[in-house]
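# Summary of structural features
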Amino acid sequence: MLGRIFFTCVFLGLFCACSSLSCRWMDHKFRQYSGNSFNLLDMMANNSTNSTEEQNTVAFPHNLYSQASKASAEGKLSFAVQILKEVSALFEEDQSSTSWQEVTVENFLNVVNKQADELHSCIGAQGETKKKNTKLHLYFKRLSNETLKKMGHSAEAWELIRREVRVHLVRADLLVFFSDLL
């Protein structure tokens, strides 16, 4: 009986230690990775052949961020994870018309995916069952269809997407920073 109680205590102790370790990543590494993603996006702008002043036709979803900012810590993190995953999916599309170095795009995707995975590990069990935000998903789908596809995946379209994504990453960064888990 005593052995069983001891084993349970050790198991719970290890489980709690592992849980807090994964969220320590938010404290120590998230900002570093965010900085890396911003630097990589900026490098893409520096390697862009054309700069465009054309405005994006897809309205920025300010209301979704407003709702997310009022959510629980887990809700904020879930929203940030979804943003990162949507950005990753968007950057998987055809970029052959850009002058971006392939290694820069690959590094950007690696950083964004690492952030999404690590943040997801901080959410906890109830976050696992949380549905993704359909309106946010549809917004990124519209970005793909109404900006990239309508503009033929041109360098100008990608520059619009790059700028839009930067704003989303800044907003996601703020959501993580202001989550109650920090």
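Residues numbered from 1 in each chain as written. Predicted model: local features only at pLDDT ≥ 70, side-chain atom pairs only at ≥ 80, totals over all residues. Heavy atoms only, no water.

## Description of the side chain of glutamine 115
Going by this rule: Only DSSP runs of H or I with at least four residues qualify as helices, and only runs of E with at least two residues qualify as strands; both kinds are numbered from the N terminus onward. Whether two residues touch is decided by their heavy atoms; if any such pair falls within 4.5 Å, the residues are in contact.
Of note, glutamine 115 is situated in helix H5 (residues 102–123). Ignoring sequence-local partners within four residues, the contact set of glutamine 115 consists of Trp25, Phe30, Tyr33, Ser34, Ser37 and Leu84.

## Topic: the packing of aromatic side chains
Going by this rule: Ring geometry is summarised as follows: Phe, Tyr and Trp rings, the Trp one being its six-membered ring, pair when their centres sit within 6.5 Å, and such pairs are stacked at plane angles under 30 degrees, edge-to-face over 60 and tilted between the two. Using a 1.4 Å probe on the protein chains alone, a residue whose accessible area is under 20% of its type maximum counts as buried, one over 50% counts as exposed, and one in between counts as partly exposed.
Scanning the model with the defined rule gives nine aromatic pairs in all. Ring geometry for phenylalanine 60 and tyrosine 139: centres 6.5 Å apart, planes at 75°, overall edge-to-face. Of the two residues, phenylalanine 60 is situated in the loop between helix H2 (30–46) and helix H3 (62–69) and tyrosine 139 in helix H7 (residues 134–149); the sequence distance between them amounts to 79 residues. When sorted by exposure, phenylalanine 60 lands in the same class as tyrosine 139, which is buried. Aromatic rings pair up to connect Phe60, Tyr65, Phe79, Tyr139 and Phe140 into one cluster.

## Here's the deal with H5
Note the threshold: The span you would expect from a helix comes to 1.5 Å times its residue count less one.
Counted at 1.5 Å a residue, the expected span for H5 with its 22 residues is 32 Å, and the 32 Å between its end C-alpha atoms agrees. Within the sequence span of H5, burial applies to Thr104, Val105, Phe108, Leu109, Val111, Val112, Gln115, Ala116, Glu118, Leu119, Cys122 and Ile123. Just beyond H5, the residue with positive phi is glycine 124, at close to 100°.

## What to know about helix H4 (residues 73–90)
The end-to-end C-alpha distance of H4, which contains 18 residues, comes to 26 Å, matching closely the 26 Å that a straight helix rising 1.5 Å per residue would cover. Burial within H4 is extensive, with 15 of its 18 residues counted as buried.

## A few points about the packing of H3 against helix H8 (residues 155–177)
Applicable threshold: Lines fitted to the C-alpha atoms define the axes, with helices restricted to the stretch that makes contact. Angles between their N-to-C directions range from 0 to 180 degrees. Comment on the angle field: the value is read as roughly parallel under 35 degrees, roughly antiparallel over 145, roughly perpendicular from 65 to 115, and oblique elsewhere. Note: crossing handedness is left-handed where the near helix turns anticlockwise from the far helix by less than a right angle, and right-handed where it turns clockwise. Residue type decides the class: Asp, Glu, Lys and Arg count as charged, Ala, Val, Leu, Ile, Met, Phe, Trp, Tyr, Cys and Pro as nonpolar, and the leftover types, Gly among them, as polar.
Where H3 meets H8, the closest approach of the two axes is 11 Å, and the angle between their N-to-C directions is 15°. Judged on the interaxial angle alone, H8 and H3 are roughly parallel. Relative to H8, the crossing made by H3 is right-handed. Facing His62, Tyr65, Ala68 and Ser69 of H3, the residues of H8 in contact are His168, Arg171, Ala172 and Leu175. A breakdown of the residues in the contact of H3 with H8 according to their chemical character gives four nonpolar, three polar and one charged.

## Here's the deal with a nonpolar patch on the surface
So the rule is basically this: Two distance rules govern patches: like charges are joined within 9 Å, and nonpolar side chains (Val, Leu, Ile, Met, Phe, Trp, Tyr) within 5 Å, applied only to residues with over 30% relative accessible area and no salt bridge. Areas reported here follow the Shrake-Rupley algorithm with a probe of radius 1.4 Å; residue values treat only the protein chains shown as occluding. One side-chain nitrogen of Lys or Arg within 4 Å of one carboxyl oxygen of Asp or Glu is enough to make a salt bridge.
Where nonpolar side chains cluster on the molecular surface, the patch consists of Val170, Leu174, Phe177 and Phe178 and spans about 360 Å² of accessible area. Position of phenylalanine 177 relative to the elements: it lies in helix H8. Given a relative accessible area of 41%, phenylalanine 177 falls into the partly exposed group.

Nothing here speaks to function; it is all geometry.
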